[in-house]
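Read off the chains here:
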Amino acid sequence: MTLNEVTISRAILEEQHRALIDHLEMDAAVIGGGPSGLACAALLGERGVSCALIEKKLSIGGGMWGGGMMFPRIVVQEEARRLLDRFDIAYKEFEEGYYVAKSVEAVAKLTAAACDAGVEFFNLTTVEDVMIRGDGRIGGLVVNWTPVDMAGLHVDPLTMACTCTVDATGHDAMIARMVEKKGGALKVKGESFMWAERAESRILDHTKEVFPGLFVTGMAANAVAGECRMGPIFGGMLLSGERAAELVAERLRR
Ligand code: 48F
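Going by the annotation in an unreviewed UniProt entry, the name recorded for the protein is Thiamine thiazole synthase, with Methanoculleus sediminis given as the source organism. Recorded under Sequence similarities (unreviewed entry), the UniProt text for the protein is reproduced unchanged: "Belongs to the THI4 family."

Below you can see the structure in the form of structure tokens.
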């Protein structure tokens, strides 16, 4: 076989342009590729929902890679152990009800599950705004390449339409804040101090549709609600992603 560089370029350009065009209109967009966004996207894909995950950084995984203070291990509690099993993430019981897993394996297995479920990934892509029309719903996203933002280049964005948007942007709850900033009826209270028990036990109540068409999951859900943070325990992130997928699927069925 003789390799042709132009064929390599054409393969990349044609395939990725097709993926982008295919997702200019979709059922669900998950913004943020941390644990909650990955779990949500994987479970939406498994339900047959046309879904893209948009991540501003080069790598998927958000705050999961680094474990706790750069020790690449995460802890998951009993309530979420079934999700470690579901995503085939290996773990050890440390003490009763506390399971410890490798953070790199957790990111890899969640990402693989989302890929297997047909989720399309758009990394290096920043959601910089949302589209809201006369019906008052979020109906789409305004996106640009992350390096455009980093370099401060004056380049206009493109848009992607979606029926449901999931804010999985973590502690900053970026999408909810965009809606709030532009006068949408949504208040982002901002996350509170560290209290793992409280933060983990309440996150599912905070995982919901907070504005027409906008669902929040993971730390974004706690940040909108003014809830505590929890540090490197990740059961709540996985359970919240699962709940968000259920809520989005239910909304799409209506
Ligand atoms: O922060 P992140 O991992 O969110 P999460 O799923 O998980 C939180 C935990 O990692 C941890 C914790 C709980 O155990 O406290 O911190 O709630 O991932 C959020 C992702 O969203 C991306 C960001 O780069 C990160 O990978 N992101 C943020 N803003 C945007 C974005 C944006 N405007 N467009 C695209 N991606």
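Looking at the UniProt feature "binding site: glycine" (unreviewed entry) in the protein
As annotated by UniProt and renumbered to match this structure, "binding site: glycine" (unreviewed entry) occupies Arg229. Relative to the helices and strands, Arg229 resides in the loop between α8 (219-225) and α9 (235-253). Look at Arg229 and you get partly exposed, because its relative accessible area is 35%.

With respect to the packing of helix α2 (residues 35-46) against helix α4 (residues 103-116)
For the pair α2 and α4, interaxial distance at closest approach is 8 Å and the crossing angle is 30°. Judged on the interaxial angle alone, α4 and α2 are roughly parallel. Crossing of α2 against α4: the hand is left-handed. On α4, the residues that touch Pro35, Leu38, Ala39 and Ala42 of α2 are Val107, Leu110, Thr111, Ala113 and Ala114. Looking at side-chain class alone, the contact of α2 with α4 contains 8 nonpolar, 1 polar and no charged residues.

A closer look at the UniProt feature "binding site: Fe cation" (unreviewed entry) in the protein
Those places that UniProt annotates as "binding site: Fe cation" (unreviewed entry) correspond, in this numbering, to Asp156 and His171. A maximum C-alpha distance of 26.9 Å shows the annotated residues, which cover 16 residues in sequence, to be distributed over more than one spot. We classify Asp156 as exposed; its relative accessible area is 65%. Tracing the backbone through its elements, the reader meets His171 in the loop between β9 (158-167) and α6 (174-181). You can call His171 partly exposed: its relative accessible area is 40%.

A look at the site of the ligand
Near the ligand there are 28 residues, and of these Ser36, Glu55, Gly63, His171 and Met219 occur at the shortest range. Here an oxygen atom of the ligand and a side-chain polar atom of Ser36 are 2.7 Å apart. With respect to the ligand, the backbone of Gly231 contributes an N or O atom lying 3.0 Å from an oxygen atom. Here the ligand has 740 Å² of accessible area as a free molecule, and 92% of this is covered by the chains. Within the residue set of the shell around the ligand, elements represented by two or more residues are α2 and β7 (125-132). Class assignment of the residues belonging to the shell around the ligand gives a composition of 12 nonpolar, 13 polar and 3 charged.

How each quantity is defined
- Residues numbered from 1 in each chain as written.
- Predicted model: local features only at pLDDT ≥ 70, side-chain atom pairs only at ≥ 80, totals over all residues.
- Heavy atoms only, no water.
- UniProt positions renumbered as here; feature names shortened; annotations may be inferred.
- Helix = DSSP H or I, 4+ residues; strand = E, 2+ residues; numbered from the N terminus.
- Buried < 20%, exposed > 50% of the residue type's maximum accessible area, 1.4 Å probe, protein only.
- Axes fitted to C-alpha atoms, helices over the stretch in contact; angles between N-to-C directions.
- Parallel < 35°, antiparallel > 145°, perpendicular 65-115°, else oblique.
- Left-handed = near helix turned anticlockwise from the far one by under 90°.
- Contact = heavy atoms within 4.5 Å.
- Nonpolar A, V, L, I, M, F, W, Y, C, P; charged D, E, K, R; others polar.
- Near = heavy atom within 4 Å.
- Polar contact = N/O pair within 3.5 Å; in protein donor to acceptor, adjacent residues only side chain to side chain.
- Areas by Shrake-Rupley, 256 points an atom, 1.4 Å probe, with all protein chains shown as cover.

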